[in-house]
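For reference, the chains in residue letters:
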Amino acid sequence: MKLTTKLLAATAIVSATSAGAVDLEVMHWWTSGGEAAAVAEFAKAWDATGNTWVDGAIAGGGDVARPVMVSRILGGDPPAAFQFNHGLQAQELIEAGLMLDLTDVAEAEGWEDIVNPPSLLDACTYEGRVYCAPVNIHSWQWMWLSNAAFEKAGLEVPESWTEFVADTEALREAGVVPLAMGGQSWQQSGSFGVMVVALAGLDNWLAVNRDKDASVVRGEAYGEVFQAFADARDMAEGLDVQDWNQATNAVITGDAAAQIMGDWAQGEFAVAGMTAGEDYSCLPGLGEVAILDTGGDAFYFPVVDDPEITAAQKELAALLLSPEVQVAFNSVKGSLPIRGDVDLTTVNECTQKGLDLLAAGNTMPSGNQLISPDVNTQLNDLMTEFWNTPSMTAEDVQERYAQIIESAS
Ligand code: GAL
């Protein structure tokens, strides 16, 4: 706990205006317009309990934020809570005994009965103990399209990746960049993963990401996706942006026609006042394979030697999963609630498509649930090198991708 935070907490307790009120510093990487609006819902709910949310936003995305969080924790100056993705990112911190055991909260709140799909609670569970509070389901398996851009080019909004590819030339002629892509490596690597599922099918994706079968990477189906990804690289020429939300913004303005991005993009469309179906369209599974991955975010709570803080951390963990907070947060974030027993108040047509897929059980694990952070970084580095090196061929990247998977097996 930061000294200032500790002092603030102590002052709050001593002042006794709200007995037991505690300041908790919460670290996350939610800094885009939509993300900031969503995290404000958490802060509002926590502040309403008489405690105070001390916002520890880190700009630059998860790849920048996670090492900062880890170094704060390892350096003995942990925040009270921090965001990670569902999956394996916190495993070493848990093994080192640095994460608060939330099993009593999970039992008291009945998480086993309410968390849906159960794999999200499994992802928080290590050797039978619960170490995180899942807050949303975010899927990568989407493409977002600007209706205005297609109209400008005299085209119908496509209903699949295949139709989209056929539109590329007409979009270019109309002065529209077909595909928006930002410069961060996770965006390029994540988009490739979505294309694999859509174009080569889930079984091939699982063979590589779950079973680490490098022969599948070297096979024909994956080869075609590497080629399609090389074509996507050409489609993205002409837009030079870094952050994912800047790329989303190009779709919002109609400068670009489409973006492959997780459903957090919906938060940006909402902040821009755009309506799903009218101003923008969405294709889960790129309109090829109707499926969602069950990635998303969870909060972890570092162990601190202060019973008052520990009690407040547990209170916050319970609050994040409460029905009201789940609805308020996820409605703004563009994500789906992690409990099956709540209804989002107003659902647009894209969120409805997501809810339908979830209800039908058309789900798959996220990459973070199957691939270690280290291997993930290697794949991200490779895919960004490919994206930024026009002379690198689909065959080159295919072989190097296979080697990384081979060494991960
Ligand atoms: C993801 C996270 C989302 C979203 C996105 C972009 O890792 O799960 O909540 O914010 O990053 O920042």
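Residues numbered from 1 in each chain as written. Predicted model: local features only at pLDDT ≥ 70, side-chain atom pairs only at ≥ 80, totals over all residues. Heavy atoms only, no water.

### Observations regarding the domain arrangement of the protein chain
To be explicit about the condition: Marked domain ranges trace back to an automatic or database domain assignment. Contacts are residue-level and defined by heavy atoms, with any inter-residue pair within 4.5 Å sufficient. Defined in terms of a 1.4 Å probe, buried area is the accessible area two parts forfeit on being brought together, summed over both. Residues adjacent in sequence count toward polar contacts only when both atoms are side-chain atoms; beyond that, a polar contact is any pair of N or O atoms within 3.5 Å, and within protein one must be able to donate a hydrogen and the other to accept it. Each helix corresponds to a stretch of at least 4 residues labelled H or I by DSSP, and each strand to a stretch of at least 2 residues labelled E; elements are numbered beginning at the N terminus.
Here the protein chain is partitioned into domain 1 (5–137 + 296–355) and domain 2 (142–293 + 364–408). Across the boundary between the two partners, domain 1 contributes 24 residues, which contact 28 residues of domain 2. Taking both partners together, domain 1 and domain 2 bury about 1,800 Å²; carbon and sulfur atoms supply 54% of that area. Interface area lost by domain 1 to domain 2 is led by D63, L88 and C350, which between them contribute 25%. Here domain 1 and domain 2 share seven residue pairs in polar contact (both at pLDDT 80 or more) between them. If you list the elements that add at least two residues to the side of domain 1 that touches domain 2, you get α2 (33–47), α7 (119–124), α17 (323–333) and α18 (349–359).

### Observations regarding the site of the ligand
Heads up, the rule is: Throughout, the term near means that a residue has one or more heavy atoms lying within 4 Å of the molecule or strand in question. Using a 1.4 Å probe, accessible areas were evaluated by the Shrake-Rupley method; residue-level cover was limited to the displayed protein chains. Residue classes follow a fixed rule: Ala, Val, Leu, Ile, Met, Phe, Trp, Tyr, Cys and Pro count as nonpolar, while Asp, Glu, Lys and Arg count as charged, and any other residue, Gly among them, counts as polar.
Around the ligand, the surrounding shell consists of W29, W30, E35, N85, H138, W244, W264, D297 and K333. Separating an oxygen atom of the ligand from a side-chain N or O atom of W244 is a distance of 3.4 Å. Between D297 and the ligand, the recorded distance is 2.7 Å, taken from a side-chain N or O atom to an oxygen atom. Summarising the interface, the protein chains cover 92% of the accessible area of the ligand, which totals 300 Å² for the free molecule. Across the shell around the ligand, the residue classes tally to four nonpolar, two polar and three charged.

### Side note on the sheet that holds strand β3 (residues 81–85)
We count it as follows: The pairing criterion for strands is at least two bridges between them, as found by DSSP. Every angle, taken between N-to-C directions, lies between 0 and 180 degrees, and every axis is a line fitted to C-alpha atoms, over only the stretch in contact when it is a helix.
With respect to topology, five strands assemble into an open sheet ordered β2-β1-β3-β12-β6, the strand pairing being mixed. Among the strands making up the open sheet, the edge pair consists of β2 (52–57) and β6 (132–134). Taking each pair of neighbouring strands and ignoring which way they run, the sheet shows an average axis angle of 30°. Strand direction decides the pairing type here: strand β1 (residues 23–28) and β3, joined by two bridges, are parallel. Bridged to M27 within β3 is F82. Relative to β1, helix α16 (residues 307–320) is tilted by about 55°, and along the sheet it contacts β1, β2, β3, β6 and β12 (297–300).

### Brief notes about the sheet that holds strand β10 (residues 280–284)
As summarised here, the arrangement of the four strands in space is β8-β9-β7-β10, forming an open sheet in which the pairing is mixed. Two strands bound the open sheet, and with one partner strand each, they are β8 (177–179) and β10. Taking each pair of neighbouring strands and ignoring which way they run, the sheet shows an average axis angle of 15°. Note: strand β7 (residues 142–146) against β10, five bridges, orientation antiparallel. Following the sheet pairing, W144 is matched in β10 by C282. The strands that helix α9 (residues 161–173) touches are β7, β8 and β9 (256–260); relative to β8, the one it contacts most, it runs at about 165°.

### As for the packing of helix α10 (residues 185–200) against helix α13 (residues 220–235)
So the rule is basically this: The cut-offs work like this: below 35 degrees is roughly parallel, past 145 is roughly antiparallel, 65 to 115 is roughly perpendicular, and the gaps in between are oblique. Here a crossing is called left-handed whenever its near helix is offset anticlockwise from the far helix by less than a right angle, and right-handed whenever the offset is clockwise.
In contact at an axis separation of 9 Å, α10 and α13 are set at 130° when each is read in the N-to-C sense. Judged by the angle between their axes, α10 and α13 are oblique. Note that α10 runs across α13; the crossing there is right-handed. Judged by residue contacts, Q188, S191, F192, M195, V196, L199 and A200 of α10 engage A221, Y222, V225, F226, A228, F229 and A232 from α13. Across the contact of α10 with α13, the residue classes tally to 12 nonpolar, two polar and no charged.

### What to know about unusual backbone geometry
Test applied: In this scheme, a residue with accessible area under 20% of its type's maximum is buried, one over 50% is exposed, and one in between is partly exposed, where area comes from a 1.4 Å probe on protein chains only.
With an omega of 0°, the peptide bond between N116 and P117 qualifies as cis. Secondary-structure assignment places P117 in the loop between α6 (111–114) and α7. Residues other than glycine seldom take positive phi values, yet E127 does so here, at roughly 45°. With respect to the element layout, E127 can be found in the loop between β4 (125–126) and β5 (129–130). Take E127: its relative accessible area is 70%, and that puts it in the exposed class. Positive phi is not limited to glycine here, since K212 has a value of about 55°. The topology assignment puts K212 in the loop between α11 (202–209) and α12 (214–217).

### Concerning the pattern of salt bridges
Applicable threshold: Salt bridges are counted wherever a side-chain nitrogen of Lys or Arg sits within 4 Å of a carboxyl oxygen of Asp or Glu.
Under the defined criterion, the tally for this structure stands at 11 salt bridges. A salt bridge links D101 to R129, with the nearest nitrogen and oxygen atoms 2.8 Å apart. Placement of the pair is D101 in the loop between α4 (91–95) and α5 (103–109) and R129 in strand β5, with a sequence separation of 28 residues. Through salt bridges with shared partners, one network takes in E25, R72 and D77.

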